[in-house]
Amino acid sequence: AQTVTQSQPEMSVQEAETVTLSCTYDTSESDYYLFWYKQPPSRQMILVIRQEAYKQQNATENRFSVNFQKAAKSFSLKISDSQLGDAAMYFCAYRSPMDSNYQLIWGAGTKLIIKP
Amino acid sequence: NAGVTQTPKFQVLKTGQSMTLQCAQDMNHEYMSWYRQDPGMGLRLIHYSVGAGITDQGEVPNGYNVSRSTTEDFPLRLLSAAPSQTSVYFCASSYSGWSETQYFGPGTRLLVL
């Protein structure tokens, strides 16, 4: 069974600095999707970025980028120029084409604290 | 577009009571699902639906029922609430297909005493 691991329960960064959140996953499949979701105190789950395993180029969305290492099964999220509004729980998630229920497999999350 | 909406935002139940959590989307998505989020854990799939009239079980279906009579609505029913069902519940929707991004509602926080 696929699993997703986020080894950092909590991270803190100074405002305007860069922070990297780690995510590793376990799968025997060759194609899949990986996602980073942000959950602010409002509890709304917001998509930050997504990556298809077959695409070698790392996905980027403004200040958010990923470092996708397929062989190492690693999918880290880099946040540049951190802002106070980035404070939230961040979840890494995986989805496989072999799951007919389209289920997302989730990590336990990393709490990101932004220091002003 | 309102996106995915959920009601209520917060509910307190006594053990043994029943209730229905409402979920609606206005994006004409075929796929809808319910997840629960417990402290220190990622979300877990309860039930899902790939279209009106079609539902199936996810990872943790026990104690919950669903139905999908329309494309827009996907209610989750707790038949006889138990303290173990204290959680935050999220509804999500997407177009069909494993490559599609799922969009989430704001969540319902449920406390069962």
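Coordinates for the structure precede this section.
An account of the accompanying structure is given in this report.

So, how was this worked out
Residues numbered from 1 in each chain as written. Chains lettered and ligands numbered in written order. Predicted model: local features only at pLDDT ≥ 70, side-chain atom pairs only at ≥ 80, totals over all residues. Heavy atoms only, no water. Contact = heavy atoms within 4.5 Å. Buried area = accessible area lost by both parts, 1.4 Å probe. Polar contact = N/O pair within 3.5 Å; in protein donor to acceptor, adjacent residues only side chain to side chain. Helix = DSSP H or I, 4+ residues; strand = E, 2+ residues; numbered from the N terminus. Core = buried A, V, L, I, M, F, W, Y, C linked by side-chain atoms within 4.5 Å. Buried < 20%, exposed > 50% of the residue type's maximum accessible area, 1.4 Å probe, protein only. Pairing = 2+ DSSP bridges. Axes fitted to C-alpha atoms, helices over the stretch in contact; angles between N-to-C directions. Disulfide = S-S within 2.5 Å.

**Topic: the interface of chain B and chain A**
Counting from both sides, the interface comprises 26 residues of chain B and, opposite them, 24 residues of chain A. Regarding the contact of chain B and chain A, the summed buried area is about 2,100 Å², with carbon and sulfur atoms giving 54% of it. The three residues of chain B that bury the most area against chain A are B:W98, B:T101 and B:F104, which together make up 33% of that side's buried surface. Linking chain B to chain A there are 7 residue pairs in polar contact (both at pLDDT 80 or more). Elements supplying a minimum of two residues to the side of chain B that touches chain A: β4 (31-37), β5 (43-51) and β9 (87-94) of chain B.

**Considerations on the nonpolar core**
Residue and element names in this part refer to chain A. In terms of nonpolar packing, the biggest core is built from 26 residues, with Y25, W36, F75, L77, Y90 and L112 touching the most fellow members. Looking at this core, the elements that each hand over two or more residues are β3 (19-21), β5 (33-39), β6 (46-52), β8 (64-69), β9 (74-79), β10 (88-95) and β12 (110-115). Per element, the largest residue contribution to this core is 4 residues, and it comes from β10.

**A look at the environment of A:V4**
All names here are of chain A. On the secondary structure map, V4 appears in strand β1 (residues 3-5). Taking relative accessible area as the criterion, V4 reaches 11% and is therefore assigned buried. Remark: the alpha-carbon pair of V4 and Y94, spanning 90 residues in sequence, is separated by 7.1 Å. When neighbours within four sequence positions are excluded, V4 is seen to be in contact with C23, T24, Y25, C92, Y94, I105, W106 and G107.

**Quick look at the environment of A:S30**
Here A:S30 shows up in the loop between β4 (24-26) and β5. When the C-alpha atoms of A:S30 and A:A53 are compared, they prove to be 7.3 Å apart, with 23 residues separating the residues in sequence.

**Some remarks on the environment of B:R109**
Assignment of secondary structure puts B:R109 in strand β11 (residues 108-112). Between the C-alpha atoms of B:R109 and B:G97, which are 12 residues apart in sequence, the distance is 29 Å. Contact partners of B:R109, with chain neighbours within four places excluded, come to A:R43, B:K9, B:F10, B:Q11, B:S87 and B:V88.

**Here we look at the sheet that holds strand β1 (residues 4-7) of chain B**
Residues and elements named next belong to chain B. Ordered by their spatial adjacency, 4 strands build an open sheet running β1-β3-β8-β7, and the pairing between neighbours is antiparallel. The open sheet has two free edges, formed respectively by β1 and β7 (64-66), since each of these has just one partner strand. For this sheet, the mean angle separating the axes of adjacent strands, direction not counted, is 20°. The pairing of β1 with strand β3 (residues 19-25) spans 4 bridges and is classified as antiparallel. Looking at the pairing, T7 lines up with Q22 of β3.

**Observations concerning the side chain of B:H29**
When you line up the elements, B:H29 lands in the loop between β3 and β4. A distance of 3.3 Å separates a polar atom in the side chain of B:H29 from the backbone nitrogen of B:S94.

**Notes on the pairing of β3(B)**
Residues and elements named next belong to chain B. Across the two faces of β3 the burial differs, with M19, L21, C23 and Q25 buried and T20, Q22 and A24 not buried at all. Direction of pairing for β3 relative to strand β8 (residues 76-78): antiparallel, over a ladder of 3 bridges. Looking at the pairing, L21 lines up with L76 of β8.

**Here's the deal with the state of the cysteines**
By definition, a disulfide is the covalent link that joins the sulfur atoms of two cysteine residues. Residue and element names in this part refer to chain A. Following the criterion strictly, the structure yields 2 disulfides over all chains and no others. There is a disulfide in this structure between C23 and C92, and the S-S distance comes to 2.0 Å. Here C23 and C92 share a disulfide; its torsion about the S-S bond, -65°, makes the bridge left-handed. Of the two residues, C23 is situated in the loop between β3 and β4 and C92 in strand β10; the sequence distance between them amounts to 69 residues. Like C23, the residue C92 is buried in the burial classification.

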